[in-house]
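Architecture at a glance
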Amino acid sequence: MRDSQVSIETVDTQVDTLRALEAEAIHIIREAVATARKPVILFSGGKDSVVVLHLATKAFWPARVPVELLHVDTGHNFDEVLDYRDATVSRLGLRLQVASVQDYIDDGRLRERPDGTRNPLQTVPLLDAIAGHQYDVVFGGARRDEEKARAKERVVSLRDEFGQWDPRNQRPELWNLYNTRHLPGQHVRVFPLSNWTELDVWRYIEREGIELPSLYYAHERSVFLRDGMWLTPHPAVPVGPADAVVTKTVRYRTVGDASCTGAVESEAATVADVIAEVAATRITERGATRADDRLSEAAMEDRKKEGYF
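An account of the accompanying structure is given in this report. (Residues numbered from 1 in each chain as written. Predicted model: local features only at pLDDT ≥ 70, side-chain atom pairs only at ≥ 80, totals over all residues. Heavy atoms only, no water.)

1. Structural notes on the sheet that holds strand S9 (residues 246-251)
What the 4 strands build is an open sheet, ordered S8-S7-S9-S10; its pairing is antiparallel. Each having just a single partner strand, strand S8 (229-231) and strand S10 (264-265) make up the two edges of the open sheet. The sheet contact formed by strand S7 (residues 219-226) and S8 spans 3 bridges and is antiparallel. For Arg226, the partnering residue across the bridge sits in S8 and is Met229. (Pairing = 2+ DSSP bridges. Helix = DSSP H or I, 4+ residues; strand = E, 2+ residues; numbered from the N terminus.)

Put into structure tokens, the structure is as follows:
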């Protein structure tokens, strides 16, 4: 009886936590959209942006989401994720704007990096898209538990006329009051999932029955080990002479640029399996599978100061 009571109390606590997080996120979305001239949701097809979009549909139901979507496409994305992105946009009847890194490389505005990674190249197309479409409120799916630089950022993050973030110039956020005011040329980034953890996201996905790209679940895949990460052979990730390609059962905890996103060995084929796996891990998804965050101790913060997500 005692064990049963403890189990019931644990479930009730999880339910209450998700309800509180959902209510907070919906409140943030509604407040920000109410003050925006032209808001946009950054939508890549990754789990966090999927949850933000799902929350937006609940925030404005039964009306259609009054926000455009924006994806900064590196050209190195997984096909499964792009297919999911396009199917979701079509199903919801929304408008998707795509800023292409490849276009910037083709016309000389950007150059390929020696390491082949394009994630750091997303900043210029992102800022150009924000300025070109005159977006003033930009929703993102970043969470504080992902990385220490993101842990510093507030729910509403002011960006200057160059799109840059100053961690020393942030506004207080007391009593769930959010200040989205900004001067002409500036904009704000808004992160409704700031207080969520990876485990919260997966429990919410389970509760809401949210569909995700298949890469998030265990599947057999050809991979090779490089710098401690399992990478997939891809046009952006050429297999070298020293790379031994093997078939393993893996899944992706995050689905960014194929050139810097690794898979993890896993048998988690269902949402419940993933929840159990995430609950047991002690490494964040970015720490475990994103090579671009290993460039330096301050890699993410440096990119954010330049205008990155």
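2. Focus on the side chain of Arg251
Relative to the helices and strands, Arg251 is located in strand S9. A polar atom in the side chain of Arg251 sits 3.1 Å from the backbone oxygen of Tyr216. At a separation of 2.8 Å, a polar atom in the side chain of Arg251 contacts the side chain of Glu277. (Polar contact = N/O pair within 3.5 Å; in protein donor to acceptor, adjacent residues only side chain to side chain.)

3. Thoughts on helix H3 (residues 79-92)
Taking 1.5 Å of rise per residue, 14 residues should cover 20 Å, and H3 covers 20 Å from first to last C-alpha, within 8% of that figure. Val81, Leu82, Tyr84, Arg85, Thr88 and Val89 are the residues of H3 that are buried. All buried residues of H3 fall inside an arc of 160° around its axis, so they share one side. Exposed side of H3, more than 90 degrees from the buried face: Asp79, Asp83, Ser90 and Arg91 are the residues found there. Packing partners of the buried residues in H3 comprise helix H2 (47-60), strand S2 (68-73) and strand S3 (96-100). Backbone geometry just after H3 places Gly93 at a positive phi near 65°. (Expected span 1.5 Å × (residues − 1). Buried < 20%, exposed > 50% of the residue type's maximum accessible area, 1.4 Å probe, protein only. Arc of directions from axis to C-beta. Contact = heavy atoms within 4.5 Å.)

4. Quick word on the nonpolar core
Counting residues in each nonpolar core, the largest one holds 58 residues, and the members touching the most others are Val51, Leu55, Trp196 and Trp202. Taken together, the elements giving at least two residues each to this core come down to helix H1 (2-35), H2, H3, strand S4 (137-139), strand S6 (187-190), helix H7 (198-208) and helix H8 (271-280). Beyond its immediate sequence surroundings of up to four residues, Val51 is in contact with Leu193, Trp196, Val201, Tyr204, Ile205 and Ile210. Leu42, Val101, Tyr104 and Tyr135 belong to the second largest nonpolar core, which has 16 residues in total. (Core = buried A, V, L, I, M, F, W, Y, C linked by side-chain atoms within 4.5 Å.)

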